[in-house]
Amino acid sequence: MNADAPASLLYLAPSGQVGGAERCLLSLAAGLDRSRFRPAALVGSEGPLAALLREAGVDAEVAAMPPALRRISRYHANPGGRARWLPAVQAPAYLARLRRAGARRQPRLVHSNGLKMHVWSALLARGWGARLLWHLHDFPPPGNALRLLRGLSGRCDLAIANSQAVASAYAARAPHLETKLRVVPNGVAAEPLQAGEGRAFRARWGLGAEDFVVGMVAIFAPWKGQEVFLAAARQALAQAPGLRFLLVGDDIYDTAGHGGRRRELEARARELGLGAAVHFTGFCETIADAYAALDVLVHASTAPEPFGRTAIEAMAAGVPVIAAAAGGMLEVVEDGVCGRLTPPGDAAALARAMLELYADAGLRRRLAGNGRRRVAERFAEAAVARQVERLYEEMLAR
Ligand code: UDP
Ligand code: GLC
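Now for a description of the structure that goes with this document. (Residues numbered from 1 in each chain as written. Chains lettered and ligands numbered in written order. Predicted model: local features only at pLDDT ≥ 70, side-chain atom pairs only at ≥ 80, totals over all residues. Heavy atoms only, no water.)

### Concerning the site of ligand 2
Step number 1: In the vicinity of ligand 2, the residues found are Gly20, Ala21, His137, Asp138, Asn162, Asn186, Trp223, Glu305, Pro306, Phe307, Gly308 and Arg309.
Step number 2: The contact in question runs from an oxygen atom of ligand 2 to an N or O atom on the side chain of Asn162, over 2.9 Å.
Step number 3: Gly308 is positioned such that a nitrogen or oxygen atom in its backbone is 2.8 Å from an oxygen atom of ligand 2.
Step number 4: For ligand 2, whose accessible area on its own is 300 Å², the fraction buried by protein is 90%.
Step number 5: When its residues are assigned to classes, the shell around ligand 2 shows four nonpolar, five polar and three charged. (Near = heavy atom within 4 Å. Polar contact = N/O pair within 3.5 Å; in protein donor to acceptor, adjacent residues only side chain to side chain. Areas by Shrake-Rupley, 256 points an atom, 1.4 Å probe, with all protein chains shown as cover. Nonpolar A, V, L, I, M, F, W, Y, C, P; charged D, E, K, R; others polar.)

### A few points about the pattern of salt bridges
Pairs can form between side chains of opposite charge whenever their charged atoms are close.
Step number 1: A complete count under the given rule lists 20 salt bridges for this structure.
Step number 2: Residues Lys224 and Glu305 are paired through a salt bridge, measuring 3.0 Å at the closest nitrogen-oxygen approach. A residue pair is termed long-range when its members are at least 10 positions apart, and Lys224 in the loop between strand E8 (212–217) and helix H10 (226–239) and Glu305 in the loop between strand E11 (296–298) and helix H13 (309–317) qualify at 81 residues. As far as burial versus exposure is concerned, Lys224 and Glu305 are alike and both buried.
Step number 3: One salt bridge connects Arg309 with Glu313, and the closest N-O pair in it is separated by 3.5 Å. Remark: Glu313 and Arg309 occur in helix H13; sequence separation between them is four residues, near one turn of the helix.
Step number 4: Here the residues in one salt-bridge network are Asp33, Arg36, Arg386, Glu389 and Glu393, joined through shared partners. (Salt bridge = Lys/Arg side-chain N within 4 Å of Asp/Glu carboxyl O. Helix = DSSP H or I, 4+ residues; strand = E, 2+ residues; numbered from the N terminus. Buried < 20%, exposed > 50% of the residue type's maximum accessible area, 1.4 Å probe, protein only.)

### Side note on the sheet that holds strand E5 (residues 131–136)
Step number 1: Taken together, seven strands build an open sheet; the order of strands is E3-E2-E1-E4-E5-E6-E7 and the sheet is parallel. Each edge of the open sheet carries a strand with a single partner, namely strand E3 (59–62) and strand E7 (181–183). Strand-to-strand, the axes of this sheet are offset by a mean angle of 20 degrees, without reference to chain direction.
Step number 2: Inspection of the sheet shows strand E6 (residues 158–161) paired to E7 by three bridges, in the parallel sense. By the bridge assignment for E7, Ala159 is matched with Leu181. (Pairing = 2+ DSSP bridges. Axes fitted to C-alpha atoms, helices over the stretch in contact; angles between N-to-C directions.)

### Some details on the site of ligand 1
Step number 1: The immediate surroundings of ligand 1 are formed by 20 residues, with Gly20, Lys224, Cys284, Arg309 and Glu313 found nearest.
Step number 2: In this structure, an oxygen atom belonging to ligand 1 sits 3.1 Å away from a main-chain N or O atom of Thr310.
Step number 3: Within the complex, 93% of the 540 Å² of free accessible area of ligand 1 lies under protein.
Step number 4: Breaking the shell around ligand 1 down by element, the ones donating at least two residues are helix H1 (20–31), helix H12 (287–293) and H13.
Step number 5: Of the residues in the shell around ligand 1, the class split is ten nonpolar, five polar and five charged.

Next comes the structure, spelled out in C-alpha cells:
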C-alpha cells in the first residue's frame, strides 16, 4: 500500500434524513482534506442525505436498514407478539449486506455517526481491518441499548462526543469509554448562512420587512419543546400584539414517537388562539433563507440538548439566540454575551426573553455580533474538520 495515498474512510449513517448529526457529517465531509482522506458512506435509509453526500464528493450508497431494525428507538415501546422477534430475524441479512458493501470500500477507518450504527460498526470494523470511531451525538440511551454499547465499547478505538456534557454522561455511564472520549463540537460554514434570502421567505407567510419574527428551527421530535414555544408566544403576544412566530421543521423521523406531532402542534396553536400570528413552514431545505427571515431564533428543548446545531447556525447567520439552559447548549451559548439562556420548559421566562429582545435593538445587535465571533472562534467548519483529522491520524498511527 502506498503510504502517501489518501486513507479510505467509511462513514456509517443510520438515517438518510437530514438532522443535526447528518449536517455535522456533511460539514465534516466538506471540510475534509482530500489529499489525505478518501471518504465513502453507507446510509441506513432512503432520503436526501445520500445525494447531499455525493454532492460533497463522498462515494455514498444506501444500504437500507430493514424496517423493524430502523423502528427501534428510545421513544419506542417494544412491540409485543411475533413482531418482537422481527429485529432478530432481519439482523443477519442486514449485517451481511453491510459487510459486503463496506468490504468493497476497503476502509482503514470507520466513522460511525449514530447509535444504531455504533452497534453494527463494532461487529464489522475489525473484519474490514479498520479502526473504529464512534461519533456520539446523543446522551447515552437507557436500558438494553446502553448495556449493548457498553459490551461493545472495547471494539471502539476512539469516541467523539459533540459536547463536554455528552462526554461526561458517557464517562459516568459507560466507564470503559472514558479514556477514549474526545470532545469535538460541531462546525459550521458561516458564509452560506449569511447569504440567505429572508424577504422572499417572509413573503411566503404574508410577513413583511416591518414584522418582528421569532422562530424555531427544529424537527418535531417530542423533546424539542415546540409546545413551550407556542405557550411563550401566547404570553408574549399579550404584551406585544405585533410579534409573529415561525415554526420551521416537520415530523421527519419514522421511528415511533416522532409521527403526528405537526397536527398536534397545529391544534395546540389553534387552541391557544394564536391565529395568523404563527405559521408552520414545514421542513426547510434552504435553511439560510429561514435564518435570514428571523429576528430571533429560539431553542426550547425540554430535555438537555446534546449540542444544538441550530444555535450555531443562527449565530453564524447573525441572528440572536434564546436557548434552553441545559446540556451542550451551555457550552454553545454564553448567557448575555451571544444569546440569552432560559430554564428548559419555562414558557414565562422564554416569553420574557422574547419581549426583552423585541424591545432592545441594541441588545440584539450586540448578541448577534458576539455570536458571529464565537462561531468563528470555536465552531468554524474548517477548524473543526482539522480537529477530527488529527483524531483520524492518531488512530491510524496506532
Ligand atoms: N433543519 C433543517 N430544516 C428544517 C429544520 C431543521 O435543515 O426545517 C436542520 C437545522 O438547520 C439543523 C438540524 O436540522 O442543522 C437540526 O440540528 P440540531 O443539532 O439543532 O438538532 P437535532 O435535530 O439534530 O437534534
Ligand atoms: C444530535 C443532537 C444535537 C446535535 C447534533 C449534531 O442530533 O440531538 O443536539 O447538535 O446531533 O451533533
